[in-house]
Amino acid sequence: MQFYSRRKKLIGNSQTEQLYGHCLQFYGQPPIENISLSEFETFAVDRLKLLKTVENLGVSYVKTSELYTKKLDADFSNLNFPYKIEASTKDDRKPQTGPSEYEKRRKDHISHFILRLAYCQTEDLRRWFIQQEIDLFRYRFNDLPSKNIQDFLQYNNLHYHTISIDEKKNLMDKLITSSFAVSGSTVEGQDFYKVPFQDALDLVRTRKVYLNGGYVYIPHQDIVTIVLNDFRTRLSKALALTARSLPAVQSDERLQPLLNHLSHAYVGQDYSIQKSIGKISLEQIDPLSAKSYPLCMRQLHRGLRDSHHLRHGGRMQYGLFLKGIGLTLDQALQFWRSEFVKGKVDADKFDKAYAYSIRHMFGKEGKRTDYTPYSCMKVILSNPPSQGDQHGCPFRHSDPELLKQKLQSYKVSPSGISQILELVKGMHYQLACQKYFELTHSIEDSWFSLNHPNQYFMESQKLLGGPGAGVKVEVKREDNPATKPPNPSPHQTPGPGNLPQEVAAEITEDLDSFFQDA
């Protein structure tokens, strides 16, 4: 069921202390309320955006640096997640200019559990989710004042107490000599926590703390290490338990389409509708492929030119990309026909066997779905190439030695190749592609986060001032009205379980279509 404004306020007041007593939590208790499918989707997409930002910034900047913190601050604020201590949610007399602190904490709580359902399915997904949630937790924990850290530890039954001023003075010399980056002046100005040594084995192993009588004395800046270890353990166990119960959740036809696609969903521009379509001519494709194509599309174009054929996966990936950069249906048919007839396919066979699929991807056949170009996540995570295929992500699916040879053939410098291969080794495939962009365009730092092959092309054309620079893209956001259920009647609680069957089916179909072509 849904909580309307007055009831939501009452429930928020009574449950804040129980469930949202602190702006930061271990997510130990699952949500107990019902929410609409629209809110389910919005919460999931917003948190996915946030975790993706955390991943990109974590590789681009030092995770505790001022610039890293500043950029994350902006994203937290835009997506309405709690990250700083704000006024108590009990005080509802103050005017609200946006979502209340209670609503932000509720969104944080529910969205975490939604993504648990999507990211518990495989070991790779669990590893990615745990890492991003840990980085997010570290950022938020480090922002807490000393008093609120104590409140958080007490709230979560972590019995780590600060030592008294007298005890600190008695241990002053030992704390200075045994603690990392601690001097006489800094000892007096910061808290030290007395923790059982078995809870701080990482710090003991690296000899960063003072150990005495079975306890270690941890400076304020290092207590996050202990808390993160606890959070990692809890989250890992929780994901394993969630995976066991996943079949029961997937049997719910309202959630199954969303959960199936959420783990590799793309939430940016979809590049499906061009306002300046036809701006790219067929004669420009070859020079554009060398200057402005991402490596995946450059590989597909080269493979097509060499063999005069691409298998289905390659035709879909490259065909939708070409559609996204501005080719019309007539241009696409001419382009594919002219290339295929150079091989083993004559014009008649092309019209019978291949022209239909091209018209289909433009929404002129079958269900008349206007298919969108593939995002980086879709290329990386779905339909991996087999022997003889050209599609996929070269940074994800190519052997490192073959990737190195390919980069050398495109005149990438040895130092640049080393940087790219290091990112690939760390499984940061989109960042490797972004580094390839910087190296091939001779810039120090790109100004965008790369999430889509067509985004790569557009940014390249902006930089080079080419024919694609003026192509504008219509953006399809997650708040598309088509994904929202109709307004309920005043006497009906608009939970998803109470929707008419035909309406629920329509919403599910809309959610499915929102993700399936991303």
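Definitions and cut-offs
- Residues numbered from 1 in each chain as written.
- Predicted model: local features only at pLDDT ≥ 70, side-chain atom pairs only at ≥ 80, totals over all residues.
- Heavy atoms only, no water.
- UniProt positions renumbered as here; feature names shortened; annotations may be inferred.
- Axes fitted to C-alpha atoms, helices over the stretch in contact; angles between N-to-C directions.
- Helix = DSSP H or I, 4+ residues; strand = E, 2+ residues; numbered from the N terminus.
- Parallel < 35°, antiparallel > 145°, perpendicular 65-115°, else oblique.
- Contact = heavy atoms within 4.5 Å.
- Nonpolar A, V, L, I, M, F, W, Y, C, P; charged D, E, K, R; others polar.
- Phe/Tyr/Trp six-rings, centres within 6.5 Å; stacked < 30°, edge-to-face > 60°.
- Buried < 20%, exposed > 50% of the residue type's maximum accessible area, 1.4 Å probe, protein only.
- 1 Å grid on protein atoms, 1.4 Å probe; cavity = no way out; pocket = protein on both sides within 12 Å on 5 of 7 lines; lining within 4 Å.
- Points joined across faces, edges and corners; volume = space filled by probe spheres on them.
- Core = buried A, V, L, I, M, F, W, Y, C linked by side-chain atoms within 4.5 Å.

- Taking an unreviewed UniProt entry as the reference, the protein is identified by name as DNA primase large subunit belonging to Oncorhynchus tshawytscha.
- In UniProt, the protein has this text filed under Sequence similarities (unreviewed entry): "Belongs to the eukaryotic-type primase large subunit family."

Some details on the packing of helix α15 (residues 312-325) against helix α16 (residues 329-340)
Then step 1. Running from N to C, α15 and α16 cross one another at 140°; their axes reach a closest spacing of 11 Å. Between α15 and α16, the angle falls in the class oblique. On α16, the residues touching Arg-315, Tyr-318, Gly-319 and Leu-322 of α15 are Phe-335, Trp-336 and Phe-340.
Then step 2. The class makeup of the residues in the contact of α15 with α16 is five nonpolar, one polar and one charged.

Regarding the packing of aromatic side chains
Then step 1. What the rule picks out here adds up to 27 aromatic pairs.
Then step 2. Arranged with centres 6.2 Å apart and planes meeting at 75°, the rings of Tyr-318 and Phe-335 form a pair that is edge-to-face. You can see Tyr-318 sitting in helix α15 and its partner Phe-335 sitting in helix α16, a full 17 residues away along the chain. Phe-335 matches Tyr-318 in its accessibility class, with the two residues each being buried.

Considerations on empty space enclosed by the protein
Then step 1. The tally for this structure, following the rule as stated, stands at three cavities of 30 Å³ or more.
Then step 2. In this model, the largest cavity occupies a volume close to 130 Å³.
Then step 3. Around the largest cavity, the lining is made up of 16 residues, and of these Cys-296, Cys-376, Cys-393, Cys-433 and Pro-453 lie nearest the centre.
Then step 4. Contributions of two or more residues to the lining of the largest cavity are made by α14 (295-307), α19 (376-381), α20 (394-397), α23 (429-440) and α24 (453-464).
Then step 5. By residue class, the composition of the lining of the largest cavity is 14 nonpolar, two polar and no charged.
Then step 6. When residues of the lining of the second largest cavity are traced back to their parent elements, those giving at least two are α15 and α18 (355-361).

Remarks on the layout of surface pockets
Then step 1. Space inside the second largest pocket adds up to approximately 740 Å³.
Then step 2. Glu-55, Asp-124, Trp-128, Met-427 and Tyr-429 are the residues nearest the centre of the second largest pocket, which is lined by 29 residues in total.
Then step 3. Going through the elements one at a time, α2 (37-60), α5 (123-142), α19, α20 and α23 are the ones with two or more residues in the lining of the second largest pocket.
Then step 4. Sort the elements by how many residues they give to the lining of the second largest pocket and α5 lands first, with seven residues.
Then step 5. Here the lining of the second largest pocket is built from residues that sort into eleven nonpolar, eleven polar and seven charged.

Considerations on the nonpolar core
Then step 1. Counting residues in each nonpolar core, the largest one holds 62 residues, and the members touching the most others are Phe-137, Phe-141, Ile-218 and Ile-223.
Then step 2. Non-local contacts of Phe-141, meaning those with residues more than four positions away in its chain, are made with Leu-24, Ile-149, Phe-152, Ile-223, Val-224 and Val-227.

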